[in-house]
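# Observations on the model geometry
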Amino acid sequence: MKKTYLPLLLILLMVFFESCLTTVDREKPSDVEYMDVSFQGQVLPIFENNCVRCHGSYGGLNVTSYDSLMLSIGNKWQDNIIVAGDAESSGLYDVLTETPQFGIPRMPLDGPYLSADDRKIIQVWLDEGALNN
Ligand code: HEC
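Residues numbered from 1 in each chain as written. Predicted model: local features only at pLDDT ≥ 70, side-chain atom pairs only at ≥ 80, totals over all residues.

## Some points on the nonpolar core
Membership of the largest hydrophobic core comes to 22 residues, with the highest contact counts inside it found for I122, W125 and L126. Of all the elements in the fold, those that place two or more residues in this core are α2 (39-50), α4 (91-94) and α5 (116-127). Looking at this core element by element, the count peaks at 4 residues for α5. Among all residues touching I122, those that are not within four sequence positions of it are V43, I46, Y93 and L96. (Core = buried A, V, L, I, M, F, W, Y, C linked by C-beta atoms within 7 Å. Buried ≥ 20, exposed ≤ 12 C-beta atoms within 10 Å, placed from the backbone. Helix = DSSP H or I, 4+ residues; strand = E, 2+ residues; numbered from the N terminus. Contact = placed C-beta atoms within 7 Å.)

Written out as structure tokens, the structure reads:
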């Protein structure tokens with residue numbers, strides 16, 4: 001009885017190791033479709049890992065919490081840093097794209113840039129209304 005599982009186990013092991021060898025292309029989003037993105041669970045951790053060290057205390061963009069983010073006013077983007085329901089019009093999303101449109105360099109300023117999946121999460125969160133969820 002036990003023997004019949006052995007080939008299956010071997011195949012599973014092969015698949016597992018194969019997936020470890022495949023290099024991840026960070027510029028292309030995975031096939032995952034994001035919906036009902038959570039600010040606390042998904043968006044805030046991205047900011048904490050990539051942005052807070054520069055955007056944590058000064059008066060411009062402050063990404064340490066939902067409230068501080070909503071109160072953020074930029075120099076160039078002014079109060080269009082976050083346009084709820086419209087990622088394309090939001091400065092917060094523009095600066096994450098490969099070619100920002102309004103003269104502010106791509107963020108994080110010193111790199112490494114966000115993965116395509118992380119950018120997608122922020123884009124969907126903005127498009128879904130930039131909720132505190
Ligand atoms: C190494 C420091 C650094 C990191 C890390 C960084 N930024 Fe910035 N960011 C800056 C500086 C400096 C500016 C001002 C650039 C300018 O005006 O030319 C700026 C400007 C911005 C602006 C425009 C604000 C305005 O005044 O209109 C946005 C939006 C922004 N950053 C978002 C982010 C996000 C989101 C992250 C994380 C993914 C991030 N930044 C990471 C240094 C940083």
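## Let's talk about the site of the ligand
Contacts to the ligand come from 22 residues, most closely from C51, C54, G74, W77 and M107. Of the residues that constitute the shell around the ligand, the class distribution is 13 nonpolar, 6 polar and 3 charged. (Near = placed C-beta within 6 Å. Nonpolar A, V, L, I, M, F, W, Y, C, P; charged D, E, K, R; others polar.)

## Considering the environment of S90
Within the fold, S90 resides in the loop between α3 (66-70) and α4. For S90, a count of 22 C-beta atoms within 10 Å corresponds to the buried category. When residues no more than four places from it in sequence are discounted, the contact partners of S90 are N80, I81, I82, V83 and L126.

## Regarding the packing of α2 against α5
The geometry of α2 relative to α5 is characterised by a closest axis approach of 10 Å and an angle of 125° between their N-to-C directions. Judged on the interaxial angle alone, α5 and α2 are oblique. Along this stretch, α2 crosses α5, giving a crossing that reads as left-handed. In this structure, α2 uses F39, Q42, V43 and I46 to contact α5, whose residues at the interface are D118, I121, I122 and W125. Class assignment for the residues of the contact of α2 with α5 results in 6 nonpolar, 1 polar and 1 charged. (Axes fitted to C-alpha atoms, helices over the stretch in contact; angles between N-to-C directions. Parallel < 35°, antiparallel > 145°, perpendicular 65-115°, else oblique. Left-handed = near helix turned anticlockwise from the far one by under 90°.)

## Details of α5
If you check α5, its first and last C-alpha atoms are 16 Å apart, about what 12 residues at 1.5 Å a residue would give, namely 16 Å. All buried positions along α5 are accounted for by D118, R119, I121, I122, Q123, W125 and L126. Positioned one or two residues after α5, G129 has a phi angle of 110°, which is positive. (Expected span 1.5 Å × (residues − 1).)

## With respect to unusual backbone geometry
The omega torsion of the bond from M107 to P108 falls at -10°, within 30 degrees of zero and hence cis. Counting through the fold element by element, P108 comes out in the loop between α4 and α5. Cis rather than trans, the peptide bond between G111 and P112 has omega equal to -5°. Secondary-structure assignment places P112 in the loop between α4 and α5. Although it is not a glycine, Q78 adopts a positive phi angle of roughly 45°. Within the secondary structure layout, Q78 lies in the loop between α3 and α4. Q78 gets classed as exposed once you count the C-beta atoms within 10 Å, which come to 9. Look at A130: it is not a glycine, yet its phi comes out positive at around 50°.

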